[in-house]
Amino acid sequence: MRRPVVELWDQVALQSGCSKSEYLAYFHGMTIASAIQLRVLPHVRVELTRQQLQDDHAFVPPQSWRWANDLEENIVAK
């Protein structure tokens, strides 16, 4: 959304995560300010095995990436 600087502050102040003085400093010298409104999406957790990722989605982790359970023999309990 694009609004005059002060008008946009009136709309986003409670969700901005900054103080009015920080906001005004950021937009200093500007007459119009822009903001992107974000919303929280519901978390959908679908668990896939490594094999499913490879077979169904052609996803292969980079070489430097490892599954933690592959390292169990290297982890020493303290």
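Residues numbered from 1 in each chain as written. Predicted model: local features only at pLDDT ≥ 70, side-chain atom pairs only at ≥ 80, totals over all residues. Heavy atoms only, no water.

J.: Any chance you could break down the overall build of the chain for me, citing the residues and the numbers?
T.: Along the chain, the regular secondary structure elements total three helices and two strands. Along the chain, helices and strands appear, N-terminal first, in the series β-α-α-β-α. Split into buried and exposed, the 78 residues of the chain put 10% on the buried side. Taking the intrachain contacts of the chain between residues at least 6 apart in sequence as the baseline, contacts between residues at least 24 apart amount to 45%. Entry remark: accessible area of the chain is about 7,400 Å², with carbon and sulfur atoms responsible for 56%. (Helix = DSSP H or I, 4+ residues; strand = E, 2+ residues; numbered from the N terminus. Buried < 20%, exposed > 50% of the residue type's maximum accessible area, 1.4 Å probe, protein only. Contact = heavy atoms within 4.5 Å. Areas by Shrake-Rupley, 256 points an atom, 1.4 Å probe, with all protein chains shown as cover.)

J.: An account of the layout of surface pockets is requested, with residue identities and associated values reported.
T.: Taken as a whole, the largest pocket encloses approximately 360 Å³ of empty space. Those elements giving two or more residues to the lining of the largest pocket turn out to be helix 1 (5–12) and helix 2 (20–26). The leading source of residues in the lining of the largest pocket is helix 1, at three residues. Residues that form the lining of the largest pocket fall into these classes: nine nonpolar, five polar and no charged. (1 Å grid on protein atoms, 1.4 Å probe; cavity = no way out; pocket = protein on both sides within 12 Å on 5 of 7 lines; lining within 4 Å. Points joined across faces, edges and corners; volume = space filled by probe spheres on them. Nonpolar A, V, L, I, M, F, W, Y, C, P; charged D, E, K, R; others polar.)

J.: Kindly report on the packing of aromatic side chains, identifying the contributing residues and their values.
T.: Evaluation of the coordinates by the stated rule reveals three aromatic pairs. Look at Trp9 and Tyr23: their rings are 4.9 Å apart centre to centre, the planes differ by 45°, and that puts the pair in the tilted class. In this pair, Trp9 sits in helix 1 while Tyr23 sits in helix 2, placing the two residues 14 residues apart along the sequence. As far as the burial class goes, Trp9 and Tyr23 line up, both buried. Through a chain of ring-to-ring contacts, the aromatic side chains of Trp9, Tyr23, Tyr26 and Phe27 assemble into a single cluster. (Phe/Tyr/Trp six-rings, centres within 6.5 Å; stacked < 30°, edge-to-face > 60°.)

J.: I'd love a proper account of the pattern of salt bridges, names of residues and values included.
T.: One pass over the full model with this rule turns up one salt bridge. Its salt-bridge partner being Glu7, residue Arg3 comes within 3.7 Å of it at the nearest N-O pair. (Salt bridge = Lys/Arg side-chain N within 4 Å of Asp/Glu carboxyl O.)

J.: Pulling in residues and values, what's your account of unusual backbone geometry?
T.: You will see that Ala58, though not glycine, has its phi angle at about 50°, which is positive. Inspection of the secondary structure puts Ala58 in the segment after helix 3 (50–57). Judged by its relative accessible area of 69%, Ala58 falls in the exposed class.

J.: Now, about helix 1: what can you tell me, with residues and values included?
T.: What helix 1 keeps buried is the set Val5, Leu8, Trp9 and Val12. Buried positions in helix 1, seen along its axis, are confined to an arc of 105° and lie on one side of it. Residues of helix 1 that are exposed and point more than 90 degrees away from the buried face comprise Val6 and Asp10. Where helix 1 is buried, its residues meet strand 1 (2–4), helix 2 and strand 2 (32–34). (Arc of directions from axis to C-beta.)

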